[in-house]
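Spelled out, the chains give:
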Amino acid sequence: MDKLPFIQSLQDALSYPFMQNALLASCLASLACGIIGTYVIHNRLTFLAGGISHAAYGGIGIALYFQLPLMPCVLVFSLLASAIMGCICLRRKDSKKESPQDTAVGVLWAAGMALGIILIELTPGYAGEIMGFLFGSILAVPSSDLLAMALFDGTLLLLLYFFYQGLWAVSLDREFARARGLPVRALYLLLVCLTAITVVMLIRVVGLILVLALLTIPPFLAMRLCNSFLLSMIIACFLSLCFCLGGLLLSWHTDASSGASIIALAALAYLLAQLPNLQQRKKSAQK
Amino acid sequence: MNMSAAVSDPGAAPPPACSPKASDALSSVVEVSGVTFKYGQDTILEKVSLNVAPGEFLALIGPNGGGKTTLLHLILGLLQPDSGAIRVFGNPPGSMNRRIGYVPQFSTAWLDFPASVLEMVLMGAATPSLNGGRWRIDKNATKQAMEYLDVLGIADCARLQISALSGGQRQRAMVARALMSHPDIVRASPSPSGEIPFLMLLDEPTASIDPQGTFCFYEFLGKLRGHISLLVVSHDLFMVSPFFNSIAVVNKGLIRLQSTELTPDNLTALFGRHLHDCPVADLQHAGKVLHQTGCTHPSCAEKNTAPASKTRYPSSFLKQDR
């Protein structure tokens with residue numbers, strides 16, 4: 001019996017080592033994306049995650065200009081940027097003269113990118129890796145990165161097991177958690193730093209420009225499908241994996257950018273999920 | 001749950017704030033001495049002093065921005081005063097929060113968070129630990145939470161999402177969560193020694209509740225008399241008046257009112273001088289009508305043994321001799 005064209009196509013694609021790596025990277029990134037993405041949307045950290053992902057460009061600039069190892073440099077720079085942003089978000093606003101927290105995050109967002117652009121322009125020669133960071137390069141993930149991703153996923157699961165209730169409380173009601181004496185600041189900073197690491201991991205998959213979509217769309221859809229925090233996390237991981245694999249196959253068939261294909265698929269799912277709402281609004285408006 | 005033996009009659013006149021035995025145990029649950037607090041250059045509270053006696057039901061009223069919520073946050077240790085001292089159960093603020101049930105303003109809990117009412121209430125027993133915070137979710141804890149939800153009349157909502165509750169139900173759920181931090185508070189009889197080891201801080205608990213729900217809510221709080229000390233931020237002088245021992249106006253400074261009645265002075269303190277002549281008679285009349293009618297809410301009507309037409313509240317509330 002002949003195999004279905006889809007299965008045949010999948011088998012062809014997976015016969016290449018770079019596709020096998022891409023598949024593994026998709027699985028590993030989806031796990032972190034589903035878990036951290038769920039915390040991101042429930043803690044209203046989307047803007048901060050965007051700030052971290054774009055500020056990471058500064059890390060790329062520093063790595064290229066000073067000829068440092070790229071990924072570690074981006075990771076350290078992103079962690080620093082996220083810690084600063086997290087501290088700003090936690091700080092009490094003492095005066096009207098101080099800038100609002102989202103303004104400060106926006107400034108760091110732009111400043112990181114500006115630093116990256118300047119340093120990359122000052123670096124002699126052509127930096128071919130930059131495009132991979134901007135738009136993702138899941139097809140070019142080396143084995144060393146896969147190992148780092150697996151290590152991070154393992155650590156994330158351990159931390160989640162250990163801090164699940166504390167992070168849940170902080171996500172639901174920060175003020176009450178503080179009143180109960182929970183270390184809200186430490187838990188919040190932990191969450192922000194984990195977000196930074198996840199963002200760096202996802203930059204590999206979809207690029208820093210598109211990372212926000214992958215971090216928010218699967219958890220948002222999961223939230224609509226169930227009423228449990230833990231279950232929505234699991235569904236978000238699954239949806240994220242579906243988008244990554246679907247995007248990879250789409251990219252394989254159309255020669256389009258893999259990162260863009262993944263996000264296009266996720267965005268399409270988001271739009272489809274919104275259709276019932278749009279129809280309902282239309283009916284309400286007609287009434 | 002047998003409430004009849006444990007709770008006080010909400011219609012009874014408020015007892016003295018502090019029994020002699022309670023005084024022996026601890027003279028003040030909260031001691032605020034000359035506290036000043038500033039946000040940058042803006043002074044929010046200036047040389048505020050306040051003592052809350054064990055068992056006292058104190059309402060903090062005052063205009064928006066007057067510093068009421070800030071005062072609660074200082075008592076909880078969420079903010080540090082610029083000068084002055086605060087003691088809670090004789091200890092620095094923040095160190096005794098396991099003996100405090102706190103109900104923040106309604107807007108702090110995310111309404112789209114995927115959690116059931118029961119899950120949220122269980123969180124009330126959270127204690128700090130090495131892993132950030134933990135609480136029990138076993139059978140006993142669930143039973144306890146269900147009992148509180150039952151007392152508050154929302155046991156049927158336990159499995160619902162927080163987002164499915166009305167404003168009033170959500171506030172009740174938050175009170176149940178606050179009570180979870182002190183097991184058996186409602187079930188147990190008042191301590192023979194007069195010790196009242198639990199303080200509840202409620203920040204505008206009825207801000208989003210209709211008058212009927214507000215009435216029921218304060219009626220429930222009245223049932224906790226003798227079990228807790230209570231500090232409530234409210235704009236509802238009307239409602240808090242019959243249920244509380246004392247009222248304090250917070251507007252940068254703090255003034256304790258001489259009585260909890262709807263006197264012209266008290267109404268002026270709440271509404272401001274420009275309305276002084278107008279509302280007193282109207283409000284007194286409205287108060288009279290309300291308290292003669294009682295609450296007709298089905299959930300309350302079932303539990304009320306006294307006929308709704310009987311006045312079950314302190315007659316002093318309705319004094320007309322001003």
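Described below are features of the structure shown in this document. Residues take numbers from 1 onward in each chain, read along the sequence in its written order. Written order determines the labels here, with chains lettered from A and ligands numbered from 1. Given that the model is predicted, a residue must reach a pLDDT of at least 70 before its local features are reported, and side-chain atom pairs must reach 80 or more before they are shown or counted; all residues, however, enter totals for whole chains, interfaces and linings. The side-chain values count all of the structure's non-hydrogen atoms but skip hydrogen atoms and water molecules.

**Considering the sheet that holds strand β8 (residues 246–251) of chain B**
All names here are of chain B. So the rule is basically this: Strands qualify as paired when DSSP identifies two bridges or more between them. Secondary structure elements follow DSSP: runs of H or I of four or more residues count as helices, runs of E of two or more count as strands, with numbering from the N terminus. To obtain each axis, a line is fitted to C-alpha atoms, and for helices this fit is confined to the stretch in contact; angles are then taken between N-to-C directions over 0 to 180 degrees. Should any heavy atoms of two residues lie within 4.5 Å, those residues are considered in contact.
Here we have six strands laid out as an open sheet, ordered β5-β6-β7-β3-β8-β9, and mixed in their pairing. Of all strands in the sheet, those with a lone pairing partner are β5 (100–103) and β9 (253–256), marking the two edges. Averaged over all pairs of adjacent strands, the angle between their axes in this sheet comes to 15°, without regard to strand direction. Pairing geometry for β8 and β9, over four bridges, is antiparallel. In the strand pairing of β9, A248 is matched with R256. Its contacts with the sheet place helix α5 (residues 167–179) against β5 and β6 (199–203), and it is angled at close to 160° to β5.

**Let's talk about the interface of chain B and chain A**
Test applied: We define buried area as the total accessible area lost by two parts upon association, computed with a 1.4 Å probe and summed across both. A pair is scored as a salt bridge if a Lys or Arg side-chain nitrogen falls within 4 Å of a carboxyl oxygen belonging to Asp or Glu. In this classification, the charged set is Asp, Glu, Lys and Arg, the nonpolar set is Ala, Val, Leu, Ile, Met, Phe, Trp, Tyr, Cys and Pro, and all remaining amino acids, among them Gly, are polar.
Listed per partner, the contact involves 39 residues of chain B and 28 residues of chain A. Between chain B and chain A, a total of about 3,200 Å² is buried, with carbon and sulfur atoms accounting for 59% of that surface. At the boundary of chain B with chain A, the tally comes to one salt bridge. A salt bridge links B:R177 to A:D173; the nearest nitrogen and oxygen atoms lie 2.8 Å apart. Of all elements in the fold, only β1 (30–39), α2 (68–76), β5 and α3 (117–122) of chain B reach the threshold of two or more residues within the side of chain B that touches chain A. Partitioned by chemical class, the residues of the side of chain B that touches chain A number 21 nonpolar, twelve polar and six charged.

**Looking at the pairing of β5(B)**
Residue and element names in this part refer to chain B. Note the following rule: Remark: exposure states derive from per-residue accessible area (1.4 Å probe, protein chains only) relative to the maximum for the residue type, with buried under 20%, exposed over 50%, and partly exposed in between.
Side chains I100 and Y102 of β5 all project onto a buried face; the interleaved residues G101 and V103 project onto the opposite face, where all are buried too. Two strands pair when backbone bridges link them, and β5 and β6 are joined in this way by four bridges, in the parallel orientation. Bridge pairing in β6 links V103 to L202.

**Some details on the nonpolar core**
The condition is simple: Nine residue types can take part in a nonpolar core, namely buried Ala, Val, Leu, Ile, Met, Phe, Trp, Tyr and Cys, and a core is a set of them joined through side-chain atoms within 4.5 Å.
Ranked by internal contacts, the top residues of the largest apolar core, which has 135 residues, are A:I60, A:V205, A:L214, B:M200, B:L230 and B:F244. Counting residues per element, this core draws most heavily on helix α9 (residues 184–206) of chain A, at 14 residues. Among the nonpolar cores identified, the runner-up in size contains 33 residues, and B:V32, B:V48, B:L60 and B:L79 belong to it.

**Remarks on helix α2 (residues 17–42) of chain A**
Residue and element names in this part refer to chain A. Convention followed: Given a helix with a known number of residues, its expected span is that number minus one, times 1.5 Å.
Under the 1.5 Å per step criterion, the end-to-end length of α2 is 37 Å for 26 residues, consistent within 8% with the ideal 38 Å. Among the 26 residues of α2, 19 are classified as buried, and the element is accordingly described as predominantly covered. Trailing α2 by a residue or two, R44 shows a phi angle of about 55°, which is positive.

**Focus: the packing of helix α3 (residues 46–65) of chain A against helix α10 (residues 211–225) of chain A**
For any two helices packed against each other, one specifies the inter-axial angle together with the distance between the axes. Residues and elements named next belong to chain A. Heads up, the condition is: Angular relationships are summarised with four words: roughly parallel below 35 degrees, roughly antiparallel beyond 145, roughly perpendicular across 65 to 115, and oblique for the angles in between. Should the near helix be turned anticlockwise from the far one by less than a right angle, the crossing is left-handed, and should it be turned clockwise, the crossing is right-handed.
Interhelical geometry of α3 versus α10 gives an angle of 150° and a closest axis separation of 9 Å. Classified by the angle their axes make, α3 and α10 are roughly antiparallel. Here α3 runs over α10; the crossing is right-handed. Residues T46, A49, G50 and S53 of α3 touch α10, and the partners they reach there are V211, L212, L215 and T216.

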